[in-house]
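A structural walkthrough
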Amino acid sequence: MRRDLQIKTSDGTAKAALFHPDGAASGRALRGVILYMDAMGPRASLAGMAQRLADSGYVVLLPDLFYRFGAYGPFTGASFGDETARAQIMTMVRETSQEMTRRDTAAFLDVLDAEKVTGPIGTVGYCMGGARALTAAAAYADRIGAAASFHGGNLAGEAPDSPHLLADKIKGRVYVGVAGVDNSFPPEQSARLAEALRRAEIDHIIENYVGMAHGWAVPDHSVYNETGAERHWKRLLTVFGEALA
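Scoring rules and cut-offs
- Residues numbered from 1 in each chain as written.
- Predicted model: local features only at pLDDT ≥ 70, side-chain atom pairs only at ≥ 80, totals over all residues.
- Heavy atoms only, no water.
- Phe/Tyr/Trp six-rings, centres within 6.5 Å; stacked < 30°, edge-to-face > 60°.
- Buried < 20%, exposed > 50% of the residue type's maximum accessible area, 1.4 Å probe, protein only.
- Helix = DSSP H or I, 4+ residues; strand = E, 2+ residues; numbered from the N terminus.
- Pairing = 2+ DSSP bridges.

1. Notes on the packing of aromatic side chains
In the structure shown here, the tally under the stated rule is 7 aromatic pairs. Arranged with centres 5.7 Å apart and planes meeting at 75 degrees, the rings of Phe66 and Tyr72 form a pair that is edge-to-face. For Phe66, a relative accessible area of 0% puts it in the buried group. Ring geometry for Tyr72 against Phe75: centres 6.1 Å apart, planes inclined by 25 degrees, an arrangement best described as stacked. Each member of the pair, Tyr72 as well as Phe75, carries the same accessibility label: buried. Among the aromatic residues, ring-to-ring pairing joins Phe66, Phe69, Tyr72 and Phe75 into one connected group.

In structure tokens:
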């Protein structure tokens, strides 16, 4: 079940969609999850993913992180093949900072509180959302019990806001699903992130999805892989099921 929202943030009003379970799962005590979008923004494929997660027993919030730009798109996972669309997407990615999303997440958590979810919150992000899921886990460590990233880029880069620099602030469990070959998260970054999480004594897994390309888990992406996507669902639901119980 989907409900569209307008969320007041410190910088304006963000569109979002809130998903509740359909059917049997709706009778259980529910945990909350924030799903951080990929670079193409909220759309039908991400809504379908949010509903699938909701039907596993979660209240899932899918916010538009690009709300500061007004109307845009619509884009799909294939939009990077169009030069004009790619330029617009990359502008919005560059100009929507980690700090902006960190501030926005306070309002996102308020939405879940209003839904009367119980227990720790989960975060999951895809592509650009992966880093934001980890950053949120550090910024709101007492609230977020698990954070997952799938084909997330620049998780341990040179930027001063790189998530690996925040590892010592995280208290929840961390799962990182890595595309087999991904220039946005090369092997040296994977090693750097692993070292940071291990030194911080964070319960974590970094798993390499051999043969998968960046974007494999999102259905409308040109490199979507059903086998890899189902594996990602199995991992995500296991992590949330254990850490958010």
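Picking up after the structure, the text goes on.
2. Some remarks on the pairing of strand E4 (residues 58-63)
Burial analysis of E4 places 6 of its 6 residues in the buried class, the great majority of the element. Neither face of E4 is exposed, since Tyr58, Val60 and Leu62 on one face and Val59, Leu61 and Pro63 on the opposite face are all buried. As judged from the 4 bridges shared by strand E2 (residues 12-19) and E4, these two strands associate in the antiparallel manner. Bridge pairing links Phe19 to Val60 in E4. Sheet topology places strand E3 (residues 31-36) next to E4; 4 bridges connect them, and they run parallel. Note that in E4 the partner of Arg31 across the bridge is Tyr58.

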